[in-house]
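# Architecture at a glance
Next come the chains, spelled out residue by residue.
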Amino acid sequence: MRPGLPALLLALSPCLYLPSAFAEEAPNTLVQIDDQLFTKHDELKAAQQKKDEQQALLNSKKSDLAVLETQAKSLDDAFSSAKSQLENAYQRMIDDPNINLAVAQKNYQDAWSAVKQNQKARLAAEQELVEVNSILSTYQSELDAIAHEISGLDEQKIRARVEQLRTELKQPQQISVSFTNRCQAELTIAQCDHQTKELALQKAVKQFRAEIVEQTSESSLVSRTINDTALNIHVIRHQTKQAGFYDGVRYRTIMDVELEARPKAKAACDLLQVDSRYCFAPGTSGELQLQADQEMAWVTLAVRSNQFNDSVLIDGVSYGSTPVEVMLPIGLHEISVQKEGYKAFTQKISVKSDTAIRAVLEEKSNPLRAGSKFADGMASKGQAPEMIAILQGKYFTGQNASKQVFLDHAYGIGATPVTISQFATFVEQTNYQTDAELKNTCTALIKGEVTPVEKANWRDPGFRQYPNSPVVCVSQNDAKSYINWLRKQTGASYRLPTEEEWEVAARAGSQDSYWWGDNFTSGDANTGWSGTPWSNVSTSPVSAFKPNPLGLYDVVGNVWQWTSSPKGIAKGGAWNSSPEMAASDKQLFLSTFEAANYLGFRVVRDIN
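On a predicted model such as this, the values are computed, not experimentally measured, just so you know.

### Some details on the state of the cysteines
Going through the model one piece at a time under the given rule, you end up with three disulfides. In this model Cys 269 forms its disulfide with Cys 279; the gap between the sulfur atoms is 2.1 Å. Disulfide Cys 269-Cys 279: torsion about the S-S bond near 125°, hence right-handed. Remark: Cys 279 occurs in the loop between α7 (267-272) and β4 (296-305) and Cys 269 occurs in helix α7; sequence separation between them is 10 residues. You'll find Cys 269 and Cys 279 in the same group, each marked buried. Each sulfur of the disulfide joining Cys 442 and Cys 473 lies 2.1 Å from the other. Between Cys 442 and Cys 473 the sulfur-sulfur dihedral comes to about -90°; the bridge is accordingly left-handed. Here Cys 442 is found in strand β16 (residues 441-446), whereas its partner Cys 473 is found in the loop between β17 (449-454) and α10 (476-490), with 31 residues between them in sequence. With a relative accessible area of 1%, Cys 442 lands in the buried category.

Shown next, in the form of structure tokens:
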């Protein structure tokens, strides 16, 4: 091959490979696109293999040239040596004409011949290298062209998926629905009929929403994303087939309902989790404005509250307790959330699209009493730790209760230290890892010495724990992380107790060392050497011993408990410390980053 031909091939390569892409008719359906993609990926694989083989040949040619260049240096050195020997022989011949020059001349000629042959071989190798490299560039251009076609087909496939889903979502559907309602006694027959029909339509919308998702080609993906996307469901028309009391008490309506979804232009992209640009024509970015509809649109209303076991009424109809999600026609609706002992939340809202509201129920103004128990509801269901109310006022703390303090605020404090079960809920919802888990170490008292224990953490502190055991192997940082999560779950202000708050709650008005008196009673608390089954062995369940007069458990022994002090102060004593250290005024100083199998915490909630 002449040196100029590869360059010509390279220059013509776009013409050689690209026309096929333009000559073929652009595929429209997903099946056609997938078929094209399958073919193009095969072509890409073959082109890649051809390019790799050419690259291997190029590397081989480079290696051959490198060998020749190494030989050239040796041959040049040999030629220089032969030339020098011949020149020396000529010099000696001046003094001695009988010297034979034949050997030196032959060596010189052989060395020169080897140099020339090497030069010729290198020239040929360099020429081959240029040709091989040119062909490699051609193969690379072919590879790039196929990759570009695949990229274009991938884009077409996404647009085809979006268009297919958009078409599927817009398919109208007729549903037959039956709804039975136990109307309130004060309603007239007309009102009962109207309410039952509205509830039947709600049922039809909900059923249509579920069925339309199930009937989509990518239902598994759509079902995971549907809750974040408004389908804008419209009731096109409905006909009542039957309505009336059928047992003298319950009112039943049977209806045929025709419905249609009219999602926003980018809804299909949201459901398929692709960029919103695929929902619009290339080169446009604005979302199309939907024309006003004459039919009634139905949307989702989600209701949450800060309490549990409450009651939700929408337009006078009960929907159980929060959280609830209800399909409603757009328009004005009255929402009421009620709970015994709390002021009712009532609000009229104009619902125009999928809407979520959070009702904050305020406790009725009952006088706060010391020892009152309460617990906040959590967004993820369940309830926060039970709290005991502590009132503002004058208290005595410190050694021999010699320090008088005045608390200018009321607060709630956990009836028990935070338990394994409560902490596990936090970890499961947040994937949180404690400092002990990150460091792979939790400290323990072994033969009276503070000793780091590898692979110990709150799940396995070195002894068996139960759901109602106090969580241990948690640092002050871990306690604060749990509290931050609790704040978000409840909307209330939680924190760690100060030293004074902890001691005031633990003493429950007592001025003695323990809430029951100055003398420790064997068997009444889990401390070291206290004669319980858990003493010097492990923690005990948080309710294993009597509470103090305010209702607080484990304010004497079981686990040391973090306070909010930046000095790292814990209070209360533990299962492996002496009874004397469990007195109300005693302190344990630790690093705020320390996690130990005798150290836990309880929480405080601000009361305004």
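More follows now that the structure is in view.
### Some details on unusual backbone geometry
The amide bond that connects Thr 322 to the next residue, Pro 323, takes the cis arrangement and shows omega of 0°. Relative to the helices and strands, Pro 323 resides in the loop between β6 (317-318) and β7 (324-329). Although it is not a glycine, Asn 309 sits at a positive phi angle of roughly 55°. When you line up the elements, Asn 309 lands in the loop between β4 and β5 (311-314). Taking relative accessible area as the criterion, Asn 309 reaches 60% and is therefore assigned exposed.

### Comments concerning the sheet that holds strand β22 (residues 599-600)
If you trace the four strands from one edge of the open sheet to the other, you get β21-β20-β19-β22, paired in mixed fashion. The sheet terminates laterally at β21 (588-589) and β22, the two strands that pair on one side only.

### Some points on the packing of helix α3 (residues 30-95) against helix α4 (residues 102-169)
Two measures define how a pair of helices packs: the angle their axes make with one another and the distance between the axes. Two elements in contact, α3 and α4, have axes whose closest approach is 6 Å; the angle formed by their N-to-C orientations is 165°. The orientation of α3 relative to α4 falls into the category roughly antiparallel. For the crossing formed where α3 meets α4, the hand is left-handed. When grouped by side-chain class, the residues that make up the contact of α3 with α4 number 36 nonpolar, 14 polar and 18 charged.

### Concerning the UniProt feature "domain: Sulfatase-modifying factor enzyme-like" (unreviewed entry) in the protein chain
Residues annotated in UniProt with the feature "domain: Sulfatase-modifying factor enzyme-like" (unreviewed entry) correspond here to residues 384-605. Counted over residues 384-605, helix gives 18% and strand 20%. Its end C-alpha atoms are 11 Å apart.

### Quick notes on the domain arrangement of the protein chain
Looking at the assigned domains, one finds that the protein chain contains domain 1 (30-167), domain 2 (171-279), domain 3 (297-366) and domain 4 (372-606). Computed from C-alpha atoms alone, the centre-to-centre distance between domain 2 and domain 4 is 51 Å.

### Brief notes about the sheet that holds β5
Strand order across the open sheet formed by four strands is β6-β5-β8-β9, with antiparallel pairing between neighbours. Since the sheet does not close on itself, it has two edges, and those belong to β6 and β9 (345-351), each with one partner. The sheet contact formed by β5 and strand β8 (residues 331-338) spans four bridges and is antiparallel. Opposite Leu 313, over in β8, you have Ser 336 as the bridge partner.

### What about the UniProt feature "domain: PEGA" (unreviewed entry) in the protein chain?
Per the UniProt entry, the sites bearing "domain: PEGA" (unreviewed entry) are residues 298-362 in this numbering. Structurally, residues 298-362 comprises 0% helix and 62% strand, and the distance from its first C-alpha atom to its last is 31 Å.

### Section: the side chain of Thr 397
Relative to the elements of secondary structure, Thr 397 occurs in strand β13 (residues 393-397). What Thr 397 contacts, discounting residues up to four positions off in sequence, is Ser 402, Lys 403, Val 405, Glu 503, Val 504 and Arg 507.

### What to know about the nonpolar core
In terms of nonpolar packing, the biggest core is built from 41 residues, with Phe 423, Tyr 482, Phe 601 and Val 603 touching the most fellow members. Counting only elements with at least two residues in this core, the list comes to α8 (420-430), α10 and β19 (560-562). Not counting residues up to four positions away in its chain, the partners in contact with Phe 601 are Pro 417, Val 418, Phe 423, Val 471, Val 474, Ala 479, Tyr 482, Leu 496, Gln 561 and Trp 562. Membership of the second largest hydrophobic core comes to 33 residues, among which are Leu 165, Ala 200, Phe 208 and Met 255.

### Some details on the side chain of Asn 597
Checked against the element boundaries, Asn 597 lands in the loop between β21 and β22. Judged by relative accessible area, which is 6%, Asn 597 ranks as buried. Reaching out from Asn 597, the side chain makes a polar contact with the backbone oxygen of Pro 461 at a distance of 3.3 Å.

### A short note on α10
Relative to the 21 Å expected for 15 residues at 1.5 Å per residue, α10 spans 21 Å between its end C-alpha atoms, a close match to the ideal helical length. Taken together, the buried positions of α10 are Gln 476, Asp 478, Ala 479, Ser 481, Tyr 482, Ile 483, Trp 485, Leu 486, Gln 489 and Thr 490. Each element contacted by the buried residues of α10 is listed here: β10 (355-359), α8, α9 (435-439), β18 (494-495) and β19. Following α10 by one or two positions, Gly 491 has its phi on the positive side, about 80°.

### A few points about the pattern of salt bridges
Within the structure shown, the criterion is met by 23 salt bridges. Note that Glu 155 and Arg 277 form a salt bridge whose closest N and O atoms lie 3.3 Å from each other. With Glu 155 in helix α4 and Arg 277 in the loop between α7 and β4, the pair connects residues that are 122 residues apart, well separated along the chain. Overall, the relative accessible area of 29% leaves Glu 155 in the partly exposed class. Put simply, Lys 266 and Asp 270 hold a salt bridge, and the shortest N to O gap is 2.9 Å.

About the criteria used
- Residues numbered from 1 in each chain as written.
- Predicted model: local features only at pLDDT ≥ 70, side-chain atom pairs only at ≥ 80, totals over all residues.
- Heavy atoms only, no water.
- Disulfide = S-S within 2.5 Å.
- Helix = DSSP H or I, 4+ residues; strand = E, 2+ residues; numbered from the N terminus.
- Buried < 20%, exposed > 50% of the residue type's maximum accessible area, 1.4 Å probe, protein only.
- Pairing = 2+ DSSP bridges.
- Axes fitted to C-alpha atoms, helices over the stretch in contact; angles between N-to-C directions.
- Parallel < 35°, antiparallel > 145°, perpendicular 65-115°, else oblique.
- Left-handed = near helix turned anticlockwise from the far one by under 90°.
- Nonpolar A, V, L, I, M, F, W, Y, C, P; charged D, E, K, R; others polar.
- UniProt positions renumbered as here; feature names shortened; annotations may be inferred.
- Domains from an automatic or database assignment.
- Contact = heavy atoms within 4.5 Å.
- Core = buried A, V, L, I, M, F, W, Y, C linked by side-chain atoms within 4.5 Å.
- Polar contact = N/O pair within 3.5 Å; in protein donor to acceptor, adjacent residues only side chain to side chain.
- Expected span 1.5 Å × (residues − 1).
- Salt bridge = Lys/Arg side-chain N within 4 Å of Asp/Glu carboxyl O.

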